[in-house]
Amino acid sequence: MAGGNPIKYTSYDFNSIMADLNSDPDLVDKEDWFKRIMSGIGDTIGMHQNAGMNNAYLRTAFTRRAALDLLALINFQLTPQTTASGQVILYVKNTASFPFTIAGSDLVAVTQGSLSSGSQRFESRLTSQVVSAFSETFSVSGNTLIVGRSYTTGEKVLVSSSVTLPSPLTANTSYYIIRVDATHIELATSVANAYAGVYVVLTTGGSGTQTVALYSVQVPMYQQTTVAQYVVGTGDGVTAWQQFNLNDVNVLQDTLVVTINSTNWTKVTNPVNNPGATQVYRIFYNNDQSSYLEFGDGSYGAMAPNYPIYAQYARGGGSGSNVALSNLINSYAGSDSHIEGCSNPSAMTGGGDP
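Residues numbered from 1 in each chain as written. Predicted model: local features only at pLDDT ≥ 70, side-chain atom pairs only at ≥ 80, totals over all residues. Heavy atoms only, no water.

Quick look at the sheet that holds strand S14 (residues 225–234) now. What the seven strands build is an open sheet, ordered S14-S20-S16-S17-S18-S19-S15; its pairing is mixed. Sheet topology places S14 and strand S15 (243–245) at the edges, where each strand pairs with a single neighbour. On average, adjacent strands in this sheet sit at an angle of 30° to one another, irrespective of strand direction. Note that S14 and strand S20 (residues 308–315) share seven bridges and pair antiparallel. When the bridges of S20 are listed, Thr 225 appears paired with Arg 315. (Pairing = 2+ DSSP bridges. Helix = DSSP H or I, 4+ residues; strand = E, 2+ residues; numbered from the N terminus. Axes fitted to C-alpha atoms, helices over the stretch in contact; angles between N-to-C directions.)

Set out below in structure tokens:
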């Protein structure tokens, strides 16, 4: 060995250390496994050093704005805001004819709100929902109905019999499920009673063929408000790292669609691994949760071409989007004539701040 450290001071990742070892005449012919171990050890040490220095760097920030600025300098962002989601039950009118289709724009429900908090809007991300008829026979054991389907507390049903229904049940009357287990249910006379566990006491078992028919549908919903597509600006095809502001705060990244010249561009967190012609963009958030789009420089991601840039997305989310209790999302906000109400059978979770 010629003497001295064969690894340069500026070499701290696997490839640069391997290059240093291969450039040393006394090491270039060493076994590959030996050089890989040395490069791997150096790479791991370098990652730990980077992590420690970045953390120490970020600890110099005394405000959220400062943290955002420092993160940008080391090419990182805060984890984006997320929104709450969960199942919402939509109640079908007793007069409905099956099957029917609900448009995605009508799969909407809201909370009532209160003096301390405003109403929150929940939307489905489905384009449509087909609602088909479902019914099955049941038998009675005490106050429970023995069924084959696994029901959810809060679902709506109608009951009928070829002879006599269990008393005091009546035909063409809305009842709401109280789930006992996978094959046993009780019935309540209102949505509120169902979630409170207040069931109808059955005094007879009824006779004939007895049927329970489902008059509700469950759909996944997210706390969000969809924003119609609009033009955020026009690229010029020659300016590197062009930026365009979005009109709304709290844009949900997983709903964002950016379209240029009828082509949807791809959102990335870092354009470094994308060749110059790759149609990618990044979204950045400001301290007030406003945001902007950034396109490439021609070497790392394509520059924004000379066309209008369209954006479509939903806004919402944050820790305030979580709904802790059942039956708080209880106002239907769509316009489908088959639907008469809604409820959430369980908490809506997943909302988080940046």
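Turning our eyes to something else, we now look at the environment of Gly 86. Turning to its location among the elements, Gly 86 is positioned in strand S1 (residues 85–92). For Gly 86, a relative accessible area of 18% translates into the label buried. Placed 259 residues apart in sequence, Gly 86 and Pro 345 show a C-alpha to C-alpha distance of 8.9 Å. Apart from residues lying up to four places away in sequence, Gly 86 is in contact with Val 219, Pro 220, Met 221 and Met 348. (Buried < 20%, exposed > 50% of the residue type's maximum accessible area, 1.4 Å probe, protein only. Contact = heavy atoms within 4.5 Å.)

A word on the sheet that holds strand S21 (residues 331–332). On the basis of which strands lie adjacent, the open sheet formed by six strands has the order S21-S3-S4-S13-S1-S22 and antiparallel pairing. At either margin of the open sheet sits one strand with a lone partner, and together these are S21 and strand S22 (339–343). As defined by bridge partners, strand S3 (residues 108–110) adjoins S21 across two bridges and the pair is classed as antiparallel. Following the sheet pairing, Ala 109 is matched in S21 by Tyr 332.

In terms of residue burial, S1 counts as a mostly covered element, since six of its eight residues are buried. Relative to strand S13 (residues 216–223), S1 runs antiparallel, the two being bridged by seven bridges. Along S13, the bridge assignment pairs Tyr 91 with Ser 216.

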